Structures are given as structure tokens and as C-alpha cells.
Amino acid sequence: MEVDVDMIPEDVLLYFKSVDFKTNPNCDLDGATISTSHISILEQLKNCVSYTKSQKSAIEALLNNSPTRYGLPSSWTSLTLDELGNLPLTFTFTWKHVNLVALQYALPRFLKRLKTSNPPNVVLGFIDQLKLQANFTETCTELAAEDIDELTPIKYDAVQLDKCLSHLVLKNNIFVLGTLSFDSTQLHVLKYKLVQLYPNGLPEDTILLLGNISTVFNATEMSSWNITQVDTLGQVLLNPLKHSQVRK
């Protein structure tokens, strides 16, 4: 079957062009070797799916202290971040130097790709670094539906989520919220809001949309749910298996 390339989103095309899915021996290099390698080694390393601690330190040092084709982090655009492949997985202090507007455009795309090829603990670890280093703090009165995206778990900690997410927005966007990489504390906020919204038990159509949120309900809480179909319970029970590495 032929694929119409024109129908593939530009950011997806860019990603697949930048990643070599063949075995890459450079991914096994230690940090010391990377540090003394030619700067062009980054073009091979950006295709790796994961990095050791020493590799991360060496890669980040090269990007910040050596002349690369990407330029200094302070000059990066959203397109630059796309071209970096998987190298953002190595960043710590680098995030402080990247333009916030560029991050807001590029990170949702990166996070979507990251979730398709990595377990939840890797995604959550990446998000933790962003929370520590990037200035995404939001001051809000209410989180609007149109503002919910992959960056929501980064912009809104548990306290802000509790304050800014209304019951109405939660009710109307439960499916999207259930797909996002919230940590356990944030997921509990969503759970308690749902319990407040449905004091007599969650309705079946809502249960089917819970996604990651279902992983923080215990058996006693589930017993109050209004389930009439066996398939509904089966789908819910699969969620902890799919997302078993969500941190407690």
C-alpha cells in the first residue's frame, strides 16, 4: 500500500527523517568518549532512544560549550528543538536557556513522540526535569478547555490543578486529561474532583474515558461505580497494566 506523504504532518516527517531506526553503535559510547569526540557525534547520538547519566552530562556539555550547527540554546527555535531528535532527553540546565515560546510550540510534539516509544517512568522523569528547570509556572483563575495539552502536567502542579480546573472543564475533557502524563499527586486531584462531581458513583460513560486517572482509584472506590457491562470493568483493569509505572 502506498502512503501519501503529503498527508503526514510535517513534525512527524521531520522526526522520522532525523531518526535512524537501525542499530546505532554510538549509543553505547560512554560519557568520557563522547566528551572527547568531534561535535558531529551529536548527529548519531540524537537517534538513541535512551541515555546513561554520563552520556547525558557529556552531550549537554557539548551542546552548551562547543560550536554546533544548532547554535547556542538561547537561539533555538521550535524547529531547532525538532531537529535535535532525542537529545532533549539529556537536558537539565539547558532548559533555562531555551526560549519559552519555542518550548511551548515544540514540546507537545516531543512529548507525544516520547510517550509512544517509552514507558511512563521515562516520560515522567523528563517532565520532572522540565518542572525543575523551565519556567512554566502558570497563574490562573481557571484552566480553559482549549489550553489543555501535553504541557498541562508541567504548567500545573497538584495545587494549581485543584485551584484552576473547574468541574465543568474536567467533565467535558476527561478523555484528554486521562491521556496526559500527570504524576500520582496530580492524578489524585483529578480523582477527588471526579468523586465530588459524581458523589453517587462515576457513570459508565465517564469510566470508559478515565485512562491514566483510573490507576489511582482503589477497589473500594471502584465498588461505587455504576458499571453495567463486563467489558467496561475489563478495560479499567487493563489501565494499571498499561500505566503500571506511574509513580506513587
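Above this text sits the structure in question.
Residues numbered from 1 in each chain as written. Predicted model: local features only at pLDDT ≥ 70, side-chain atom pairs only at ≥ 80, totals over all residues. Heavy atoms only, no water.

*Asks:* I'm lost on the packing of aromatic side chains in this one. Help?
*Replies:* Each aromatic ring pair is specified by the distance between its two centres and by the angle formed by the two planes. Counted by the stated rule, this structure contains 5 aromatic pairs. Considering the side-chain rings of F91 and W95, the 5.0 Å spacing of their centres and the 65 degrees angle between planes classify their relative orientation as edge-to-face. Take F91 and W95: they sit in the same class, and that class is buried. Plain terms: the ring middles of F110 and F126 are 5.1 Å apart, the flat faces sit at 45 degrees to each other, and that makes the pair tilted. Here F110, found in helix α6 (residues 100-117), pairs with F126, found in helix α7 (residues 120-133); they are 16 residues apart in sequence, far enough to count as distant. Side by side, F110 and F126 carry an identical accessibility label, which is buried. Pairwise contacts between aromatic rings join W76, F91, W95, F110 and F126 into one cluster. For K191, the ring lying beneath its charged end belongs to F217, and the centroid distance is 5.8 Å. (Phe/Tyr/Trp six-rings, centres within 6.5 Å; stacked < 30°, edge-to-face > 60°. Buried < 20%, exposed > 50% of the residue type's maximum accessible area, 1.4 Å probe, protein only. Helix = DSSP H or I, 4+ residues; strand = E, 2+ residues; numbered from the N terminus. Lys NZ or Arg CZ within 6 Å of the ring centre and 35° of its normal.)

*Asks:* Before we go on, may I ask you to explain the environment of T94 in this structure?
*Replies:* Within the secondary structure, T94 sits in the loop between α5 (78-83) and α6. C-alpha separation for the pair T94 and Q133, spaced 39 residues apart in sequence, amounts to 7.9 Å. Sequence-distant contacts of T94, defined by excluding residues within four places in its chain, comprise E60, N64, P73 and W76. (Contact = heavy atoms within 4.5 Å.)

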